[in-house]
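Take a look at the letters that make up each chain.
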Amino acid sequence: MHFSPALFVTIALVLPAFAASDSLINDVESPGEYIVTFKSNNRPSGITHHNPNVIYHYTIINGVAGIFTDDEIQELQASPDVEGVYQDHDGIVVANTYTNNQSPANNTAIQRNATWGLSRMSSYTRLAYTNLTGINFTFYYNPIGGFGVDIYVVDSGVNINHTDFGGCARWGKTAGKYPNKDNDGHGTYCAIYGLDWARQKIWVTGRPSVINLSVGAKDIYKPLDDANIRLIQEKIPVVIAAGNEGRDAWLYSPSGILGAVTVAASNIADEETTWTNYGSAIDIFAGGENIVSAATNSTTGTKIMSGTSMSAAYVTGLVAVFLTTGKHTPAEVLEYLNQTAQHNKLDHLKNFKLTTQQTRLQQMGFFINLI
């Protein structure tokens, strides 16, 4: 497989992985762990940097994460300075960002052992049915797409030593007392921690960047939504997996965020998968069923997975290609995807009221000059 020359900065949240039959979220609440948000800079006396119960002070939202007793929670809920108290949910994250790609035109490279998901991005037509879990498809791409771009993967970790990454993957930050490897274990506050860290790094480096986020809550979770809204307001593109519950994406956070790129899953037959979330929150579809990618327990092995996290990873790669031309706002990214996508290509849609814009299938930006 081919991975882009973009820099993959992974943010390990140590959250459990999921397949297509699983939920994007886990309905388990973490006892005693809360996110507390505030109305202003005034905070209750117990919320200080010296409080050992406070795990993290966010900058992306006005709030903290911590472990509090029931009595402390009651006091916080009664405080006039507190906007909201949210019990932490164990989130689920899966996604490794993929490649960049370009048209079969000038300065084009060809990969002849690609997966179907990659091949579909460089094909104007539906793929023929072959071994869909094999690596015998053709993929056209521009070899310089992604240069100078950072991709922040908010995830359970990544096998940065896998040969397919070609040395492009770098470990970013681990939330929680865990080793720097793909692992399982914590909750939604870690996802916000990862977004917080990525936001600060993007501002420090000043480089074109995109955040790939495949974490979701079991319902609407305001702190997670607020963190993503802050990123978009600061003109940082965010690509979000729609979720795998087979329900309307508006019912979950953060897939209903306006301004982010929310990605649903299609299969090799250009059909909406039976399990992808759907609805008017969806911006674009990409391959998400039976996707072959890098294994976590080997530097050369492969693994087959399904889910909107895979779809979001493909689209993140497309965004990285676009950002090769320079910094672009989330609105410009959405417009780029709209211009380059194939429209009205999908069958078996759950929501027949979708507009043409919302039934678009990802396609490489053929007109982008990367020279």
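Quick note: structure is the one above.
The shown structure was predicted, so the numbers you read here are calculated from the model rather than taken from an experiment.

Asks: Whenever I open this one, the packing of aromatic side chains confuses me. Can you help?
Replies: The geometry of an aromatic ring pair is captured by the separation of the ring centres together with the interplanar angle, meaning the angle of the planes. A complete count under the given rule lists six aromatic pairs for this structure. An angle of 70 degrees between the planes, with centres 4.3 Å apart, marks the rings of Y56 and Y193 as edge-to-face. Linking Y56 in strand 3 (residues 54-57) with Y193 in helix 3 (residues 188-205), this pair joins segments that are 137 residues apart in sequence. No difference in accessibility class separates Y56 from Y193, as the two residues are buried. Ring geometry for Y152 against W197: centres 6.2 Å apart, planes inclined by 65 degrees, an arrangement best described as edge-to-face. In this pair, Y152 is assigned in strand 8 (residues 150-155) and W197 in helix 3, connecting sequence segments 45 residues apart. We note that Y152, like W197, is buried. Taken together, the ring pairs connect Y56, Y58 and Y193 into an aromatic cluster.

Asks: Hey, could you run me through the side chain of N212 in this one?
Replies: Considering the arrangement of structural elements, one finds N212 in strand 10 (residues 209-213). Within the local environment of N212, its side chain forms a polar contact with the side chain of T316, the two groups lying 3.2 Å apart.

Asks: Can you walk me through the nonpolar core in this structure?
Replies: Nonpolar side chains tend to gather and get buried jointly when the protein is soluble and globular. With 36 residues, the main nonpolar core has V239, V261, V263, I284, V315, V319 and L337 as its most contacted residues. Listed in part, the 30 residues of the second largest apolar core include I61, A191, V215 and I232.

Asks: Quick question: what am I supposed to make of the layout of surface pockets here?
Replies: Any space left empty among the atoms is revealed by the rolling of a water-sized probe across them. Volume-wise, the second largest pocket comes out at about 200 Å³. In terms of lining, the second largest pocket is formed by 13 residues, of which the most central are I202, E234, K235, I236 and K327. Across the lining of the second largest pocket, the residue classes tally to six nonpolar, three polar and four charged.

Asks: How do you make sense of the pattern of salt bridges when you look at a structure like this?
Replies: For side chains bearing opposite charge, pairing can occur when the charged atoms are close. Scanning the entire structure with this criterion turns up seven salt bridges. With a closest N to O distance of 3.7 Å, E83 and K222 form a salt bridge. Note that E83 is positioned in strand 5 (residues 82-91) and K222 in helix 4 (residues 222-233), a separation of 139 residues in sequence. What makes K222 partly exposed here is its relative accessible area of 34%. Residue R120 is joined to D270 by a salt bridge in which the shortest nitrogen-to-oxygen separation is 2.9 Å. One end of the pair, R120, is in helix 2 (residues 116-121); the other, D270, is in the loop between strand 12 (261-266) and strand 13 (284-287), and 150 residues separate them in sequence. Judged by its relative accessible area of 2%, R120 falls in the buried class. For D270, a relative accessible area of 2% gives the class buried.

About the thresholds
Residues numbered from 1 in each chain as written. Predicted model: local features only at pLDDT ≥ 70, side-chain atom pairs only at ≥ 80, totals over all residues. Heavy atoms only, no water. Phe/Tyr/Trp six-rings, centres within 6.5 Å; stacked < 30°, edge-to-face > 60°. Helix = DSSP H or I, 4+ residues; strand = E, 2+ residues; numbered from the N terminus. Buried < 20%, exposed > 50% of the residue type's maximum accessible area, 1.4 Å probe, protein only. Polar contact = N/O pair within 3.5 Å; in protein donor to acceptor, adjacent residues only side chain to side chain. Core = buried A, V, L, I, M, F, W, Y, C linked by side-chain atoms within 4.5 Å. 1 Å grid on protein atoms, 1.4 Å probe; cavity = no way out; pocket = protein on both sides within 12 Å on 5 of 7 lines; lining within 4 Å. Points joined across faces, edges and corners; volume = space filled by probe spheres on them. Nonpolar A, V, L, I, M, F, W, Y, C, P; charged D, E, K, R; others polar. Salt bridge = Lys/Arg side-chain N within 4 Å of Asp/Glu carboxyl O.

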